[in-house]
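For reference, the chains in residue letters:
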Amino acid sequence: METSAAALPEEGFLVLSTLPPSRAQKRLALVVLLGLLVTFILAAGPLSHVRVGDIVVFPPAYATAMLLSETITAVLLFGQFSIVRSWALLVISSGYCFTVFMLILWTLTFPFAGRGLVGGLQSPPYIYFYWHIRLPPGSVAAAIALSVAATAVLALVATYLFIAENTILPRLQLDVLLSNSLWRYGAATTLALTLAALVALWVRRRSILDLWLMVSLCAYGVEPWLTYPERYNFGWYAGKVFGFLSSSLILLVLLYEITTLYAQLLRAVLAQRREREARLMTGDAVAASIAHEVNQPLTGMIARANAGLRWLERTTPDLDKAKNALQHILADAHRAGAVVASVRAMFKKEARARVSLDINDPVAEALALAADDLSRHRVVVEIALRSGLARVVGDPIQLRQVVLNLIANAIDAMSAADATRVLSLRSETDGDGAIAVSVADTGVGIRPEEMRRIFTPLFTTKSGGMGMGLAICRAIIEAHGGELSAAPNDPRGATLRFVLPVDEATSAADAPDPWGARPLR
Ligand code: ADP
């Protein structure tokens, strides 16, 4: 019966005919059931004979509301059947469809204002009981028998029997108001069928739909008992309300399910969009950072190659200088290779070989690599590298790249400003005992509102900028357990500063360098 649902686990998980009920839903179903029970006891007991009178608008309003609710429920359940293809769902949908046909007949035969449009006195009660014979869901044969076509045939039979031939039927209705005691047999049959359906559902009891069908059936089964023995007294009205509740309960559950699914769908679409953006961002970021990092050695290689060519093109070629240029090109090529590997490792979240090092070493190396650029831009360099600092653990290539990036940014910022260009490089122990390196310039400075954004990938204020340098620097420093920050320089420009934790393993063993300042390499 339910094998097709099991074969479609993806869809099956989403619809309430296959979703198991939560604890909260079970509790709510129990509360609704208790509410129905209390109402039933009151309506069938002390209040049943209270005469309310013929509220003229009630029967047509009831019929309309029932018709709408049953039609929408049938359509939604047929919709679920088309997704899950469970025969049990087809039976339930057909049941609702059948009720729609019978409701139309009941409305035509019910004696509104004393007389029905068609049929006779016995037509409405027979139609009423006939529509209450919704077959319990469970068997394939029942499912097929109760397809939409079959329900239409059943409705036609009812039309003939209960409308044209209603005078030959045993009398369920004594007059327009009073029912015959035979009514009880009809009510008992309905109750027995309801109980059978309840048992079938209880045995299956797998889904939210099963749970609420059980609650709905309870209201459905007791309804005929309330409407007996007289129309328009309190019990009769209560019975009609029970009938309406029983029909609209499944509709409410289906509507709730649709809203929940809609919310889930929205969340899933948004999450998918965010994930795609994040993936694009990573792709962009990797491409941009490799381009960014490789640009520097490439520019150096082109400059050296041009110089080498010039040495060779002289009338008496200077082979030593040309050889020197080639050696520089080789060194730059190795550097480019190392940089690419280090960027790849960063995005792969791979821990590259870390060593215990003196932070002044990568700083000095970066300074040496930037020396040409600095002198070309007529930058005065102030160096205050403290000797005897505690060692840090890190990747020397990555740390050198960080300083190189900070120096490159400082040069850019100072080229844009029309003032004396001073670059200050400083290393020291900061207040917390960590090692701090700062790169200060006298450039255009960073606007306060951009202080945080400059570290965001792809943020740049330069026409040819990529906006990756600082993002990479921050990622590297944070991967080393440190922090990178920016602040205004005094009197102008910016200071970029990073701190790194000291290498605990060596700092205890290392005594302060007794020789004081050590030469830069
Ligand atoms: P890019 O250099 O490609 O623009 P970065 O991530 O290195 O990318 O820098 C981002 C932005 O931060 C720069 O465009 C610039 O506006 C600002 N910035 C970085 N360093 C400095 C500095 N020393 N002085 C002024 N602005 C800076």
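Remarks on the overall build of the protein
Okay, step 1: When helices and strands are counted, the protein shows 16 helices and seven strands.
Okay, step 2: Sorting the 521 residues of the protein into buried and exposed places 42% on the buried side.
Okay, step 3: Long-range contacts, defined here as pairs at least 24 residues apart, represent 76% of the contacts in the protein between residues at least 6 apart.
Okay, step 4: Of the roughly 27,000 Å² of accessible surface on the protein, a fraction of 65% belongs to carbon and sulfur atoms.

Brief notes about the site of the ligand
Okay, step 1: The immediate surroundings of the ligand are formed by 17 residues, with Asp441, Thr460, Thr461, Lys462 and Met466 found nearest.
Okay, step 2: Within the side chain of Asp441, an N or O atom sits 2.8 Å from a nitrogen atom of the ligand.
Okay, step 3: Considering the ligand on its own, with 540 Å² of exposed area, one finds that the protein chains cover 95% of that surface.
Okay, step 4: Sorting the residues of the shell around the ligand by element identifies helix H14 (396–415) and helix H15 (469–479) as the ones contributing at least two each.
Okay, step 5: Looking at the shell around the ligand, its residues break down into eight nonpolar, seven polar and two charged.

Quick look at the packing of helix H4 (residues 58–84) against helix H5 (residues 87–109)
Okay, step 1: Closest axis-to-axis distance for the H4/H5 pair is 8 Å, and the angle between their directions is 160°. With respect to each other, H4 and H5 are oriented roughly antiparallel. Considering the relative orientation of H4 and H5, their crossing is left-handed.
Okay, step 2: By residue class, the composition of the contact of H4 with H5 is 19 nonpolar, seven polar and one charged.

Remarks on the packing of H14 against H15
Okay, step 1: Two numbers describe how H14 lies on H15: the axes approach to 9 Å, and their chain directions differ by 145°. Relative to H15, H14 is oriented so that their crossing is left-handed. Together, Gln398, Leu399, Val402, Asn405, Leu406 and Asn409 of H14 and Gly469, Leu470, Cys473, Ile476 and Ile477 of H15 make up the contact between the two elements.
Okay, step 2: For the contact of H14 with H15, a count of residues per class yields seven nonpolar, four polar and no charged.

So, helix H13 (residues 360–376)
Okay, step 1: An ideal rise of 1.5 Å per residue puts 24 Å on 17 residues; H13 measures up with 24 Å between its terminal C-alpha atoms.
Okay, step 2: Taking the largest bend as the criterion, H13 deviates by roughly 50°, centred on Ala370.
Okay, step 3: Among all positions of H13, only Asn360, Asp361, Pro362, Val363, Ala364, Ala366, Leu367, Ala370 and Leu374 are buried.
Okay, step 4: Packed against the buried residues of H13 are strand S1 (355–357), strand S2 (380–385), H14, strand S4 (422–429) and strand S5 (435–440).
Okay, step 5: Looking one or two residues beyond H13, the residue adopting positive phi is Arg378, at roughly 50°.

Looking at the packing of aromatic side chains
Okay, step 1: Under the counting rule described, the total for this entry stands at eleven aromatic pairs.
Okay, step 2: Ring centres 4.7 Å apart and planes at 80° place the aromatic pair Phe58 and Tyr237 in the edge-to-face group. Linking Phe58 in helix H4 with Tyr237 in helix H11 (residues 234–313), this pair joins segments that are 179 residues apart in sequence.
Okay, step 3: With a centroid separation of 5.5 Å and 25° between ring planes, the pair formed by Tyr126 and Phe162 is classed as stacked. Taken together, the residues span a long stretch of sequence, with Tyr126 in helix H6 (residues 123–131) and Phe162 in helix H8 (residues 148–164) at a distance of 36 residues.
Okay, step 4: Taken together, the aromatic side chains of Phe58, Tyr62, Trp106, Phe110, Tyr232, Trp236 and Tyr237 make up a single cluster linked through ring pairs.
Okay, step 5: Stacked on the ring of Phe455, the Lys or Arg Arg474 has its end atom at 3.9 Å from the ring centre.

Rules and cut-offs
Along each chain, residues carry numbers from 1 onward, in the same order as the chain's sequence is written. Thresholds applied to this predicted model are a pLDDT of at least 70 for local features of residues and 80 or more for the giving and counting of side-chain atom pairs; totals over whole chains, interfaces and linings are not thresholded and use all residues. Hydrogen atoms and water are omitted, and side-chain values are computed over all heavy atoms in the structure. Put simply, DSSP H or I for four residues or longer makes a helix, DSSP E for two residues or longer makes a strand, and each gets a number counted from the N terminus. Only protein chains enter the calculation, and the probe is 1.4 Å; a residue is then buried if its accessible area is under 20% of its type maximum, exposed if over 50%, and partly exposed in between. In this analysis, two residues are considered to be in contact whenever any of their non-hydrogen atoms come within 4.5 Å of each other. For the accessible areas, the method is Shrake-Rupley and the probe is 1.4 Å, while residue cover comes only from the protein chains on display. Consider each residue's heavy atoms; a residue with any of them within 4 Å of a molecule or strand counts as near. Identification of polar contacts relies on pairs of N or O atoms within 3.5 Å, with a donor-acceptor requirement for protein atoms, meaning one able to donate a hydrogen and the other able to accept it, and with residues adjacent in sequence counted only if both atoms are side-chain atoms. Polar here means any residue other than Ala, Val, Leu, Ile, Met, Phe, Trp, Tyr, Cys and Pro, which are nonpolar, and Asp, Glu, Lys and Arg, which are charged; Gly is therefore polar. With axes taken as lines fitted to C-alpha atoms, and helix axes fitted only over the stretch in contact, angles between N-to-C directions fall between 0 and 180 degrees. Working rule for angles: under 35 degrees goes down as roughly parallel, over 145 as roughly antiparallel, 65 to 115 as roughly perpendicular, anything else as oblique. Handedness of a helix crossing follows the sense of rotation of the near helix relative to the far helix, less than a right angle counterclockwise being left-handed and clockwise being right-handed. To estimate the expected span of a helix, subtract one from its residue number and multiply by 1.5 Å. Values of bend correspond, residue by residue, to the angle between axes fitted over the seven residues ending at that residue and the seven starting there. Note on ring pairs: Phe, Tyr and Trp rings are taken, using the six-membered ring of Trp, and paired if centres are within 6.5 Å. Classes follow the plane angle, with under 30 degrees stacked, over 60 edge-to-face and the rest tilted. We count a charge as sitting over a ring when the NZ of a lysine or the CZ of an arginine lies within 6 Å of the ring centre and within 35 degrees of the ring normal.

Interpretation note: all reported values are geometric properties and have no functional meaning in isolation.
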